[in-house]
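# Secondary and tertiary structure notes
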Amino acid sequence: MLRDITLGQFYPTESCIHRLDPRVKLGGTMLYIISLFCFKNAAGYLLAALFLALVVRLSKVPFRFMVKGMKSILFLLLITVGFNLFLTPGTPLVSLWKLQITREGIILAATMAVRLSLLIIGSSVMTLTTTPNHLTDGMEKMLRPLKIFRLPVHEVAMMMSIALRFIPILLEETDRIMKAQIARGADFESGNLFKRAKAMVPLLVPLFISAFRRANDLAMAMEARCYRGGEGRTKMKPLLYTRADYLAYGVLVFYMVFSITAGRNTFYVLPWK
Amino acid sequence: MKMIKTDKLTYEYIRRDDDGNVEGITTAVDNVSLDVDAGEFIAILGHNGSGKSTLAKHINAILNPTHGTVWVDGKDTSDEANLWDIRQTAGMVFQNPDNQIIGQVVEEDVGFGPENIGIPTRQIWERVEESLRAVGMYEYRKYSPNKLSGGQKQRVSIAGVLAMHPKCIVLDEPTAMLDPNGRKEVIRAVRALNDVEKITVVLITHYMEETIHADRVFVMDRGKIAMEGAPREVFSQVDKLKELRLDVPQVTLLAYELQKRGLQLPNGILTVQELTQELSRILAERERK
Ligand SMILES: Nc1ncnc2c1ncn2[C@@H]1O[C@H](COP(=O)(O)OP(=O)(O)O)[C@@H](O)[C@H]1O
Ligand SMILES: [Mg+2]
């Protein structure tokens, strides 16, 4: 059933990574990604990979779930690698027809592949160990300073969590409308792209109407329960840092300093630099 | 003090064309004056489009009267300064359970109202627990609302209102989208609120059976109050109810026809059980003769 799908791709289990404050995980992921773009030698990537392996181990999420995220963007990964492999100028090694593979190309392509894989696995650790709810909470709190620039931080976070609540409901509704239209002889499968897009119209129109009706009802229900934006609102589940969170921040700083120092050391500099 | 009081309440929906000119006016509520005492259980019946929802939305200050005045717990609803007080005093439960649950977890949804009115964290948890227990949904506090039945979702919605400690709850056809079991669950929860928590209840419905425990029943038609009285008083006037296009239960119709043919039945029978009891009593009497 569609209503059973889990959003994001949260993997429910008990681990110290799951228990961390979402702000730590958001900030940590960001720092980790930055670190990946700072390295100039293989030692940096090796450290980054080791660090990630440790975090994955601690999170108790089976490794195949991490790789699942990779599958969806395998195509993008291959294209990036391909471009770098064939289009980097330098010392030619092999040439096929008009394309040639250079030494620099191989190195660059390998770096790119490693960097992207680490980046994807790194960010899926965050989404696998944090509920979507917690993530929006964390984002709201982290971005709160942006309020002075009149950015509607609370409202955006509220919109995100409402969207998360309604996606399964709307998916189910799509399914229902689709079945109703198929029963009346609608055909969503055959024909060319244009024909199929046209067949979607009788699906999208009722879906949009119902979505607007729901939005209207929900707004009324929220107002009836005294909702009036973020001002003066308290939290049922406020985000509070614990000792584990401070420890995690410490580990992160240590990782950043250590890996970037090692990663930029000219002693290991990549051959073409 | 009256919990709810309306004085010559009139509400008009104005339809405009693309240029903003008035195209037509629907008078959804027409000159309604009524009083509800604190602790009362009121039911409002009426066919579709008779103005029940429009009336209900005035009690929560979602709509403001075109003419006339509404007071909730002594406060005028059209005074902007009273708005949030009134919404806290008079909670509202709507028809579609999916469109009024905001949280992704039951307990978070129940906590939404208290969060909005700035209750400290610890007290929110206390209120959530007590409200979920009051509607018998405490075991489901960690569930996703998407995994609950319709009746359970409506009970969560009621808990969400309860957690704001209202003095009055208005329920606008809370059972319209539910199966018979869900309907029973919800009505039981609503009655408990009135009996145990002494909360004033305004129940809007088009199922006559659900209003039998009310202190008073109002029947609306074309924006006006067409009938008013104790449930049995109202239900005994079967012809008039049919004229007002209400779905009179079949047992009530049968009892009414039997009464017309001379059987000594009490007025306003609503359930099969009642009718069979009365009939066996009559049979027993006849055998004795
Ligand atoms: N948003 C609206 N705009 C215009 N007319 C409306 C609107 N809502 C309701 N009406 C009209 O007001 C009348 C009363 O509607 P409503 O209060 O919803 O009745 P009920 O809840 O008893 O079915 C109906 O004639 C309906 O068409
Ligand atoms: Mg209605």
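First things first, this report covers the structure right here in the doc. (Residues numbered from 1 in each chain as written. Chains lettered and ligands numbered in written order. Predicted model: local features only at pLDDT ≥ 70, side-chain atom pairs only at ≥ 80, totals over all residues. Heavy atoms only, no water.)

### Examining the pairing of strand 3 (residues 41-46) of chain B
All names here are of chain B.
- Burial analysis of strand 3 places six of its six residues in the buried class, which makes it a mostly covered element.
- A two-sided burial pattern is seen for strand 3, the buried positions comprising Phe41, Ala43 and Leu45 on one face and Ile42, Ile44 and Gly46 on the other.
- When strand 3 meets strand 8 (residues 200-204), the two strands line up parallel, connected through four bridges. Across the sheet, Ile42 pairs through a bridge with Val202, a residue of strand 8.
- By the bridge criterion, five bridges tie strand 3 to strand 9 (residues 216-221) in an arrangement that is parallel. Note on strand 9: the bridge partner recorded for Ala43 is Val217. (Buried < 20%, exposed > 50% of the residue type's maximum accessible area, 1.4 Å probe, protein only. Helix = DSSP H or I, 4+ residues; strand = E, 2+ residues; numbered from the N terminus. Pairing = 2+ DSSP bridges.)

### Here we look at the sheet that holds strand 2 (residues 22-37) of chain B
Residues and elements named next belong to chain B.
- Judged by pairing direction, the sheet is antiparallel, and its four strands sit side by side in the order 2-1-4-5 without closing on themselves. Sheet topology places strand 2 and strand 5 (75-76) at the edges, where each strand pairs with a single neighbour.
- Alignment of strand 1 (residues 2-16) against strand 2, held across eleven bridges, turns out to be antiparallel. Bridge assignment links Ile4 to a residue of strand 2, and that residue is Val36.

### Some words on the pattern of salt bridges
Residue and element names in this part refer to chain B.
- Under the criterion given, the structure shown has 31 salt bridges over all chains.
- Its salt-bridge partner being Arg216, residue Glu40 comes within 2.9 Å of it at the nearest N-O pair. Highlighted residues: Glu40 in the loop between strand 2 and strand 3 and Arg216 in strand 9, separated in sequence by 176 residues.
- On the basis of relative accessible area, Glu40 is assigned to the buried category, the value being 12%.
- Two residues, Glu278 and Arg281, come together in a salt bridge whose shortest N-O distance is 2.7 Å. Of this pair, Glu278 and Arg281 are both found in helix 10 (residues 272-288), three residues apart, which corresponds to roughly one turn of the helix. (Salt bridge = Lys/Arg side-chain N within 4 Å of Asp/Glu carboxyl O.)

### Comments concerning the site of ligand 1
Residue and element names in this part refer to chain B.
- Taken together, the residues surrounding ligand 1 are Tyr13, Thr26, Ala28, His47, Asn48, Gly49, Ser50, Gly51, Lys52, Ser53 and Thr54.
- Thr54 is positioned such that a nitrogen or oxygen atom in its side chain is 2.5 Å from an oxygen atom of ligand 1.
- Relative to its free-state accessible area of 560 Å², ligand 1 is covered by the protein chains to the extent of 60%.
- Counting residues per element, the ones that place at least two in the shell around ligand 1 are strand 2 and helix 1 (52-59).
- Counting residues per element, the shell around ligand 1 draws most heavily on helix 1, at three residues.
- Across the shell around ligand 1, the residue classes tally to two nonpolar, eight polar and one charged. (Near = heavy atom within 4 Å. Polar contact = N/O pair within 3.5 Å; in protein donor to acceptor, adjacent residues only side chain to side chain. Areas by Shrake-Rupley, 256 points an atom, 1.4 Å probe, with all protein chains shown as cover. Nonpolar A, V, L, I, M, F, W, Y, C, P; charged D, E, K, R; others polar.)

### Considerations on a nonpolar patch on the surface
- A surface patch of nonpolar side chains, about 690 Å² in accessible area, is lined by A:Met30, A:Met142, A:Leu143, A:Leu146, A:Ile148, A:Phe149 and A:Leu151.
- Judged by relative accessible area, A:Leu143 falls into the partly exposed class, the value being 39%. (Patch = residues over 30% accessible without salt bridge, like charges linked within 9 Å, V, L, I, M, F, W, Y side chains within 5 Å.)

### Some remarks on the layout of surface pockets
- Of the volumes computed, that of the second largest pocket is approximately 900 Å³.
- Lining the second largest pocket we find 36 residues, and of these B:Gln95, B:Asn96, B:Pro97, B:Asn99 and B:Met177 sit closest to its centre.
- Going through the elements one at a time, helix 8 (153-183) and helix 10 (201-224) of chain A together with helix 1, helix 5 (150-162) and helix 6 (180-195) of chain B are the ones with two or more residues in the lining of the second largest pocket. (1 Å grid on protein atoms, 1.4 Å probe; cavity = no way out; pocket = protein on both sides within 12 Å on 5 of 7 lines; lining within 4 Å. Points joined across faces, edges and corners; volume = space filled by probe spheres on them.)

### Regarding the side chain of A:Glu173
- For A:Glu173, the location among the structural elements is in helix 8.
- Residue class for A:Glu173 comes out buried when judged on its relative accessible area of 6%.

### Remarks on the packing of aromatic side chains
- All chains considered together, the criterion is met by eleven aromatic pairs over all chains.
- Measuring from ring centre to ring centre gives 6.2 Å for A:Tyr32 and A:Phe51, while their planes differ by 35°; the resulting arrangement is tilted. One end of the pair, A:Tyr32, is in helix 2 (residues 22-36); the other, A:Phe51, is in helix 3 (residues 42-59), with 19 residues separating them in the sequence. Per residue, the accessibility class of A:Tyr32 equals that of A:Phe51, and both read buried.
- The structure contains a cluster of three or more aromatic residues connected by ring pairs, namely A:Tyr32, A:Phe51 and A:Tyr255.
- Taking NZ or CZ as reference, A:Arg165 lies 5.2 Å from the ring centre of A:Phe166, over its face.
- It is A:Arg228 that lies over the ring of B:Trp84; its NZ or CZ is 4.4 Å from the centre. (Phe/Tyr/Trp six-rings, centres within 6.5 Å; stacked < 30°, edge-to-face > 60°. Lys NZ or Arg CZ within 6 Å of the ring centre and 35° of its normal.)

### Examining the packing of helix 3 (residues 106-116) of chain B against helix 4 (residues 121-134) of chain B
Residues and elements named next belong to chain B.
- Viewed as axis vectors pointing N to C, helix 3 and helix 4 meet at an angle of 120°, and their least axial separation amounts to 9 Å. Between helix 3 and helix 4, the interaxial angle falls into the category oblique. Of the two possible hands of crossing, helix 3 and helix 4 adopt the one that is right-handed. Residues Val106, Glu107, Val110, Gly111, Pro114 and Glu115 of helix 3 touch helix 4, and the partners they reach there are Ile124, Trp125, Arg127, Val128, Ser131 and Leu132.
- Counted by class, the contact of helix 3 with helix 4 contains seven nonpolar, two polar and three charged residues. (Axes fitted to C-alpha atoms, helices over the stretch in contact; angles between N-to-C directions. Parallel < 35°, antiparallel > 145°, perpendicular 65-115°, else oblique. Left-handed = near helix turned anticlockwise from the far one by under 90°. Contact = heavy atoms within 4.5 Å.)

### A word on the nonpolar core
- Among the nonpolar cores identified, the biggest contains 49 residues, and B:Leu132, B:Ile158, B:Ile169, B:Leu171, B:Val219 and B:Leu241 are the most heavily contacted of them.
- The biggest single contributor to this core is helix 5 of chain B, with five residues.
- Excluding residues within four positions of it along the chain, B:Val219 makes contact with B:Leu45, B:Lys224, B:Ile225, B:Ala226, B:Met227, B:Val234, B:Leu241, B:Leu244 and B:Leu246.
- By size, the runner-up hydrophobic cluster in this structure holds 31 residues, among which are A:Ala224, B:Leu34, B:Ile44 and B:Ala56. (Core = buried A, V, L, I, M, F, W, Y, C linked by side-chain atoms within 4.5 Å.)

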